[in-house]
Amino acid sequence: MEVAKLTDVTRVYRIGEVQTRALNGVSLTIGNGEFTSLVGPSGSGKTTLLQLIGCLDRPSSGSVVINGQETTNLNRNQRADLRKGTIGFVFQFFALIPTLTAYENVEMPLLLNGRTPAQRKQRAMELLEAVDLKDRAHHRPDQLSGGQQQRVAVARALSTNPTMILADEPTANLDTSNGEQVMEIMKKLNKETGVTFVFATHDPRVIKYASRVVTLRDGVIEKDEIK
Amino acid sequence: MMNYFKMAYRNLGRHRRRSILSGLALALGTTLLMFIAAFFTGEMRSSMETTLRLNTGHIQVQNADYDPDKLSVAWEYLIENPDQTAAQIGSLDPVHVATPRLAASGIVSVRDESAGAQIMGIVPESEANDPYRDGIVSGEFLAADDREGILIGLPLADSLNLKAGDSINLLINTSDGDVDEQQFTIRGIFTTGTSAWDKGIVFLPLAKAQTFARAENHASMIFVLLKDREQADEVAAAIQGEGIKVKTWTEMNELLVMVEDFSNAYLAVINLIVLGVTATVIVNTLLMSVFERTREIGVLSAIGMKGRQVIALFLAEAFLLAVSGVGAGSLAGWALSAYFAKVGVYFGDLGIGAEMLLEDRIYTYLTLDSAITLIVTAFLITILASLYPARMASRMEPVEALRGAQ
């Protein structure tokens, strides 16, 4: 079963008179439970591809189907609805809401999904325990280390039981040991829960965990290897 | 719902100084507007009350041909048998007091100084003269049978250097067109707190004024005060008769009613200007907040927050700013108005004529109506102003919001 299917997708950015073709006719299928890395040099289009899979952006042409649903013509709110139930994000920067505690950050997607307070509490604490941060639940992001913040971000991405988690350079701002720790946790969650992970990265430490590596160059897929 | 307010509260706390300053701008605007509203209302109320109490009364009954500007005491312009008419009017239930008055023009002179004055003959014991009786600052009030005494205002006494017991010469235009002169003794000096009125009027007992002006058994008007001034039209209708005209306070104070309408419009314009400025401060605060939190908006949007939820988040911030700013401002405005309602604001003689008398001290008067209108307006304007930054935040494409911040 496939969670994402992209067919002949292009994405063109226009800045003034200049057109940049970030993706040029990419077709890609992501299967359920994969642990896939999108790799390639800067400007190869991996972040753009990840944003299209995550319905954060719309393709200039081609089709993006998520969990069997064609997303190309969905409006902003419909895409938000789709994201909040099926897709979790982990960003390169530690994208936690600074005014909320670790617990509240993890709780936020559950709140947006209309879960009851009891359900939210149980799920958020369970996830914080899974990323080994239960004792830090009531700390604000500025009271946590970079690695801890990224683990909270992973917990938040998982909170609504999405079918897929998209991570853009999740270890880029972490030192080696914190980076490895985050990757270990994600690998473990992938195994235990079967949730699909897709990373955009050029960090070899991340690539070594991947079961499939898709290499991009100049907006096209250069190589697609299953390890 | 509570979560939006919790987040909004914490977001405001991120830039505490900026939030406090924005709230303060809102509070200051509200305080100022509430005080101005109380001041205008106080001024108009006092002006209306003073003018009615001293100059026009609630109703005046005059000869059909009487012209109050000429102050002529020629018999054809006067009412005959005024005591009888006043007694009849006084017996009507809604009437508080009805008293005859004779108004003539004259000149007060002492040594080589002189000043023009309206000479008013009054029935000293009438309650309509309480403002003068209560306002005696030296000497005593007039007695009905006094044939040599006169009552003058404090500003006139000061300008001519007079005190109770001094003698003055009074010139009067009589009913047959002559001028007569007579010496009087100042029985008392009064103040009503309204310099513009007090400096231009002197009082004689009615009987003496009638003799002096050669207008025996005549008066310029029956001066009527009602128990409730809203009954003026009703009472006026009841006392219509041949050869007389009955004027109500609204007819006699058209200028004042017009000024009141004008001042209300003026107040509305001031409100819009001040609230417009404070709204700009709020828009600015929230816009800065939107720009600073672009990435956060992108993240919230990525995890599934919809446009209207982003709007709700910013509106919650505006709501908290409005509650604290308008709340504090209203309290301060109320306190300020209450203080100046007691002590008043001293302006002195503003030199406005008898059509719109103002006491030298204006006492603020805050009505519940104007306070509520102001609070609701300030609140709504703040919320409306915040719609622009809120909508701006809600329309950010998540991918651009995320990229913008990286």
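Here the structure is a predicted model, which is why all the values come from computation and not from measurement.

Undergrad: Which parts of the structure should I look at to understand the environment of A:Val220?
TA: Residues and elements named next belong to chain A. For Val 220, the location among the structural elements is in strand β10 (residues 220–226). Distance in space between the C-alpha atoms of Val 220 and Val 9 is 9.7 Å, their sequence separation being 211 residues. For Val 220, the contacting residues outside a window of four places in its chain are Asn 24, Val 26 and Thr 215.

Undergrad: Just checking my understanding: could you explain a nonpolar patch on the surface for this structure?
TA: Residue and element names in this part refer to chain B. On the surface, a cluster of nonpolar side chains totalling about 390 Å² of accessible area is made up of Leu 368, Ile 372, Val 376 and Leu 380. Position of Val 376 relative to the elements: it lies in helix α13 (residues 368–394). For Val 376, a relative accessible area of 43% translates into the label partly exposed.

Undergrad: Even after reading the chapter, I still don't get the environment of B:Met396, so can you show me in this structure?
TA: Residues and elements named next belong to chain B. Along the chain, Met 396 turns up in the loop between α13 and α14 (398–405). Look at Met 396 and you get buried, because its relative accessible area is 15%. Sequence-wise, Met 396 and Ala 213 are 183 residues apart; in three dimensions their C-alpha atoms are separated by 86 Å.

Undergrad: Just to check I follow, could you spell out the pairing of strand β8 (residues 179–190) of chain B for this structure?
TA: Within a regular beta strand, the side chains point alternately toward one face of the sheet and then the other, so they alternate between its two faces. Residues and elements named next belong to chain B. Sheet topology note: the strand β5 (residues 136–139)/β8 ladder contains three bridges and is antiparallel. Each bridged residue has a counterpart across the sheet, and for Ser 138 the counterpart in β8 is Ile 189. Across five bridges, strand β6 (residues 149–153) lies against β8 in parallel orientation. Note on β8: the bridge partner recorded for Ile 152 is Ile 189.

Undergrad: Would you mind showing me how to read the sheet that holds strand β2 (residues 18–31) of chain A here?
TA: Hydrogen bonds between backbone atoms are what pair the strands of a sheet, whose relative direction is either parallel or antiparallel. All names here are of chain A. Taken together, four strands build an open sheet; the order of strands is β2-β1-β4-β5 and the sheet is antiparallel. Looking at strand neighbours, the two that pair on one side only are β2 and β5 (69–70), the edges of this open sheet. Where strand β1 (residues 2–15) meets strand β4 (residues 61–66), five bridges bridge the pair, whose relative direction is antiparallel. The partner of Thr 7 across the bridge, within β4, is Ser 63. Along the sheet face, helix α1 (residues 46–53) touches β1, β2 and β4 and points at about 125° away from the line of β1.

Undergrad: What is the right way to read unusual backbone geometry from this model?
TA: Leaving glycine out, the prevailing phi sign among residues is negative, and the prevailing peptide bond configuration is trans. In this structure, A:Asn67 takes a positive phi of about 50° despite not being glycine. Looking at the element boundaries, A:Asn67 is found in the loop between β4 and β5. Even without being a glycine, B:Asn81 presents a positive backbone phi close to 50°. Following the sequence through the fold, B:Asn81 ends up in the loop between β2 (79–80) and α3 (82–90).

Undergrad: Can you help me understand the pairing of β4(A) in this one?
TA: All names here are of chain A. One ladder, built from two bridges, connects β4 with β5; its direction is antiparallel. What sits directly across from Ile 66, in β5, is Gln 69. Here β4 hands over to β5 after two residues, with Asn 67 in that stretch at a positive phi of 50°.

Undergrad: Help me understand the domain arrangement of chain B in this model?
TA: Size of an interface, as often reported, equals the accessible area lost when the parts are brought together. Residue and element names in this part refer to chain B. On domain assignment, one finds that chain B holds domain 1 (2–52 + 256–405) and domain 2 (65–242). Here domain 1 and domain 2 have C-alpha centroids that lie 50 Å from each other. At the interface, 10 residues of domain 1 touch 10 residues of domain 2. Carbon and sulfur atoms make up 52% of the area that domain 1 and domain 2 hide from each other, which totals about 760 Å². If you look at where domain 1 meets domain 2, you find zero salt bridges. The interface formed by domain 1 and domain 2 holds zero residue pairs in polar contact (both at pLDDT 80 or more) in total. Grouping the constituent residues of the side of domain 1 that touches domain 2 by class yields six nonpolar, one polar and three charged.

Undergrad: Got a minute to help me understand the packing of aromatic side chains in this structure?
TA: Both the distance between ring centres and the angle between the ring planes are used here to describe each pair of aromatic rings. All names here are of chain B. Counted according to the given criterion, the structure contains 15 aromatic pairs over all chains. Their ring planes at 10° and their centres at 5.8 Å tell us that Phe 40 and Tyr 266 sit as a pair that is stacked. Remark: Tyr 266 occurs in helix α10 (residues 254–292) and Phe 40 occurs in helix α2 (residues 16–56); sequence separation between them is 226 residues. In this structure an aromatic cluster arises from ring pairing among Phe 35, Phe 39, Tyr 339 and Phe 340. Between Arg 45 and the ring centre of Tyr 365, over which it is positioned, the NZ or CZ distance is 3.6 Å.

The rules behind the values
- The numbering scheme is per chain: residues are counted from 1 as the chain's sequence reads.
- Each chain gets a letter, beginning with A, and each ligand a number, beginning with 1, in the order they are written.
- Only residues with pLDDT of 70 or above have their local features reported here, since the model is predicted, and side-chain atom pairs are shown and tallied only from 80 upward, although totals for entire chains, interfaces and linings are computed over all residues.
- Hydrogens are left out, water is left out, and the side-chain values use all remaining heavy atoms of the structure.
- Secondary structure follows DSSP: runs of H or I at least 4 residues long count as helices, runs of E at least 2 residues long count as strands, and numbering of each begins at the N terminus.
- Contacts were defined at the residue level, with two residues in contact if any of their heavy atoms lie within 4.5 Å.
- Exposure above 30% relative accessible area and the absence of a salt bridge qualify a residue for a patch, where like charges join within 9 Å and nonpolar side chains (Val, Leu, Ile, Met, Phe, Trp, Tyr) within 5 Å.
- With residues, only the protein chains shown are counted as cover, and all accessible areas are computed by Shrake-Rupley using a 1.4 Å probe.
- Put simply, a salt bridge is a Lys or Arg side-chain nitrogen that is within 4 Å of an Asp or Glu carboxyl oxygen.
- Here's how the labels work: a residue is buried when its accessible area is under 20% of the maximum for its type, exposed when over 50%, partly exposed in between, all with a 1.4 Å probe on protein chains only.
- Pairing between strands is defined by DSSP: at least two bridges between them are needed.
- Axis lines are fitted to C-alpha atoms, over the contacting stretch for helices. Their N-to-C directions set the angle, which ranges from 0 to 180 degrees.
- Where each domain starts and ends comes from a domain assignment, either automatic or drawn from a database.
- Buried area, as used here, totals the accessible surface that two parts lose on assembly, with accessibility defined by a 1.4 Å probe and the loss added over both.
- Pairing of N or O atoms within 3.5 Å defines a polar contact, subject to two protein rules: one partner must be a possible hydrogen donor and the other a possible acceptor, and residues neighboring in sequence count only if both atoms are side-chain atoms.
- Put simply, Ala, Val, Leu, Ile, Met, Phe, Trp, Tyr, Cys and Pro go in the nonpolar bin, Asp, Glu, Lys and Arg in the charged bin, and everything else, Gly too, in the polar bin.
- Centres within 6.5 Å are what make two rings of Phe, Tyr or Trp a pair, Trp counting through its six-membered ring; a difference in plane orientation under 30 degrees is then read as stacked, over 60 as edge-to-face, and the rest as tilted.
- Note on geometry: a ring has a charge over it if NZ (lysine) or CZ (arginine) is within 6 Å of the ring centre and within 35 degrees of the ring normal.

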